[in-house]
Each structure stands twice: as C-alpha cells, then as structure tokens.
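Coordinate analysis (summary)
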Amino acid sequence: EGLWEVRGPRQHFTHSKLFCWVALDRLLQLHREGRLDAIPVEKFAENRDQIRREIEQRAWNAGLGCYVQTLGGNTLDATVLQMGFCDFEKPGSRRMRQTFQRIQERLGAGPGLVYRYEQSFDNGEGAFIMCSFWLADFLARGGGSLQEARRVFSQTLAYANDVGLF
C-alpha cells in the first residue's frame, strides 16, 4: 500500500518492495550469523533476489533517470532516498546520484526542505521534515559530502520551534 496513504487504486510501491527486500535480506543475514535457525534459506534468497530485480528494472524510470514511487510509474517520491540507508544500493552509485538530482529539482522546497512526493503539490501540502533528514542521511552515507550533509541537517534543524519541535 505504500508508506504515505496515497488515495487511488492499489499499486506496487517502491518503498514497500524495498522493505520486503530488507526483511528477507536481514533474516538471511541473521541466519548466516547463526542467530536464526530453521528458515527456508533458498526460498527467502530467491524471493529477495526477485524483489531486487523488480526494483532495479521496474522502479527505475529510464526516461526520468531516477527511481520512482511505484513500479512502472513516473512520480517522484522521497522515500527512495532510503535505498542507501537500507544497503539496497550505494548512495554514491550513478542511479542514486541521478535520483538525488531529480528529487532536488522536483521535490526541493527550499533550504533543507523536501516534499514527500509529487502529489504534495496537488494536495497543497508543505514540505515533510522527515524527508529532509533522509536527504541529509543520504548525503552523509556517500551520496554527497559530509559538508553537504551537515549543511542540509543544519538548515533543517533551523525550522524547529523554540522548544525544538518541528
């Protein structure tokens, strides 16, 4: 269903697929470390790899040159920045750098601010602060420099009120 309560028909959201991949990947990791027994290793690995292929092939929009909100879609969504956090793809990869550029171009809302997704404009929404922290994390993990990450993080923190709430 996706992270954001998007209204409309059911779709395969990239973020949901990503976290299905994460669940299987981490279960397999726990098994390799000897901390989890009796799981169907081959089946989990096969499903994890199938999900990866789906994301790499269908969540990547070659025309836009970035990962998008839904498989086969063309809408940008800041949740794809979490691919680096989840170790699905390195933040410094060509695909992730291009995705970051598109998000900056189409979802950037000012210094340290990012919209959730392109539907935000139709709904009259403001920026979503969590996405700004995802952006700083992406930069810090290798999608940019630590200096860029600190700048975005500092800009985002500046939006807190007098008691530190956003």
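Residues numbered from 1 in each chain as written. Predicted model: local features only at pLDDT ≥ 70, side-chain atom pairs only at ≥ 80, totals over all residues. Heavy atoms only, no water.

1. Notes on the packing of helix α4 (residues 94-107) against helix α6 (residues 129-143)
Direction vectors running N to C along α4 and α6 enclose 150 degrees, while the axes themselves pass 12 Å from each other. If you check the angle between α4 and α6, you find them roughly antiparallel. In this structure, the crossing between α4 and α6 has a hand that is left-handed. Of the residues in α6, those in contact with Met96, Arg97, Phe100 and Gln104 of α4 are Leu135, Phe138, Leu139 and Gly143. Class assignment of the residues belonging to the contact of α4 with α6 gives a composition of 5 nonpolar, 2 polar and 1 charged. (Axes fitted to C-alpha atoms, helices over the stretch in contact; angles between N-to-C directions. Helix = DSSP H or I, 4+ residues; strand = E, 2+ residues; numbered from the N terminus. Parallel < 35°, antiparallel > 145°, perpendicular 65-115°, else oblique. Left-handed = near helix turned anticlockwise from the far one by under 90°. Contact = heavy atoms within 4.5 Å. Nonpolar A, V, L, I, M, F, W, Y, C, P; charged D, E, K, R; others polar.)

2. Focus: the pattern of salt bridges
This model, assessed by the stated rule, comprises 10 salt bridges. We note a salt bridge from glutamate 33 to arginine 35, for which the minimum N-O separation is 3.5 Å. Residues glutamate 105 and arginine 102 are paired through a salt bridge, measuring 3.5 Å at the closest nitrogen-oxygen approach. Here the residue glutamate 105 and the residue arginine 102 both occupy positions in helix α4, the gap between them amounting to 3 residues, near one helical turn. For arginine 102, a relative accessible area of 22% translates into the label partly exposed. (Salt bridge = Lys/Arg side-chain N within 4 Å of Asp/Glu carboxyl O. Buried < 20%, exposed > 50% of the residue type's maximum accessible area, 1.4 Å probe, protein only.)

3. Re the environment of glutamate 148
In this structure, glutamate 148 sits in helix α7 (residues 146-157). As a C-alpha pair, glutamate 148 and serine 120 span 28 residues in sequence and 25 Å in three-dimensional space.

4. Structural notes on the packing of aromatic side chains
Evaluated as defined, the whole model comprises 6 aromatic pairs. Judged by centre distance (4.7 Å) and plane angle (65 degrees), the rings of tyrosine 115 and phenylalanine 121 are edge-to-face. Each residue in the set Phe133, Phe153 and Phe166 is aromatic and connected to the rest through ring pairs, giving one cluster. A cation over an aromatic ring shows up here: arginine 116 above the ring of phenylalanine 128, its NZ or CZ 5.5 Å from the ring centre. (Phe/Tyr/Trp six-rings, centres within 6.5 Å; stacked < 30°, edge-to-face > 60°. Lys NZ or Arg CZ within 6 Å of the ring centre and 35° of its normal.)

5. A look at the packing of α6 against α7
Put simply, α6 and α7 touch, their axes get as near as 7 Å, and they point 165 degrees apart. As far as their axial angle goes, α7 and α6 are roughly antiparallel. Crossing of α6 against α7: the hand is left-handed. Contacts from Ile129, Ser132, Phe133, Leu135, Ala136, Leu139 and Ala140 in α6 reach Leu146, Glu148, Ala149, Val152, Phe153, Thr156 and Leu157 in α7. Of the residues that constitute the contact of α6 with α7, the class distribution is 11 nonpolar, 2 polar and 1 charged.

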